[in-house]
Amino acid sequence: VLQRVVEIMEDGGDRTAVWEEKRKLAWTKHKVGDYDLAEELYNEIMLEAKESGVELGYEGSEIPLIVMGNLAKLLHDTGRTTEAEQCNLQTLEAKVKLHGKVDRSTLASMTNLAALYMDTGRP
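First, a word on scope: everything that follows refers to the structure included in this document. Computed from a predicted structure; not experimentally measured.

Calculation criteria
- Residues numbered from 1 in each chain as written.
- Predicted model: local features only at pLDDT ≥ 70, side-chain atom pairs only at ≥ 80, totals over all residues.
- Heavy atoms only, no water.
- Helix = DSSP H or I, 4+ residues; strand = E, 2+ residues; numbered from the N terminus.
- Buried < 20%, exposed > 50% of the residue type's maximum accessible area, 1.4 Å probe, protein only.
- Salt bridge = Lys/Arg side-chain N within 4 Å of Asp/Glu carboxyl O.
- Axes fitted to C-alpha atoms, helices over the stretch in contact; angles between N-to-C directions.
- Parallel < 35°, antiparallel > 145°, perpendicular 65-115°, else oblique.
- Left-handed = near helix turned anticlockwise from the far one by under 90°.
- Contact = heavy atoms within 4.5 Å.

### Describing the environment of Thr16
Here Thr16 lies in helix α2 (residues 15-31). We classify Thr16 as partly exposed; its relative accessible area is 29%. For the pair Thr16 and Ser61, spaced 45 residues apart in sequence, the C-alpha separation works out to 9.3 Å.

Below, the structure is given as structure tokens:
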């Protein structure tokens, strides 16, 4: 169902709505273990955002920031901890810029980075 919605929206829908539907599909695939397709969709959204001139940490970057956080989780889940750390750090930096240090979204990113550090035995 989500794939069909994405196809329809790509034929003229709002880009952020398209990204949101792709993000939902990617998250679903991620949760059921279809990591390759999920990663492909996450990267596709990030590329589309970049090509659209969206800069992380600025107005209009909310969905790409969620996607970057989801990608970091996928990388963590698949044992690619160095890439996951870089992705988490970029997400955190952009969320601090966009929302400030004490925003719920920023704090969630801090928690994700802390979980990665704990899982890899880092202080």
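### Description of the pattern of salt bridges
Pairing between side chains of opposite charge can happen when their charged atoms approach one another. Under the counting rule described, the total for this entry stands at eight salt bridges. Across the pair Glu20 and Arg23 runs a salt bridge, and its minimum N-O distance is 2.7 Å. With a gap of three residues between them, Glu20 and Arg23 both fall in helix α2, about one helical turn apart. Take Arg23: its relative accessible area is 15%, and that puts it in the buried class. As a salt-bridge pair, Arg80 and Glu83 come within 3.1 Å of each other at their nearest N and O atoms. On the basis of relative accessible area, Arg80 is assigned to the partly exposed category, the value being 27%.

### Let's talk about the packing of helix α4 (residues 62-77) against helix α5 (residues 81-99)
Following both chains from N to C, one finds α4 and α5 inclined at 155°, their axes separated by 8 Å at the closest point. By the criterion of interaxial angle, the relationship of α4 to α5 is roughly antiparallel. Seen from above, α4 lies across α5 with left-handed handedness. Note on element contacts: α5 touches α4 through Thr81, Glu83, Ala84, Cys87, Asn88, Gln90, Thr91, Ala94, Lys95 and Leu98, opposite Glu62, Leu65, Met68, Gly69, Leu71, Ala72, Leu75 and His76.

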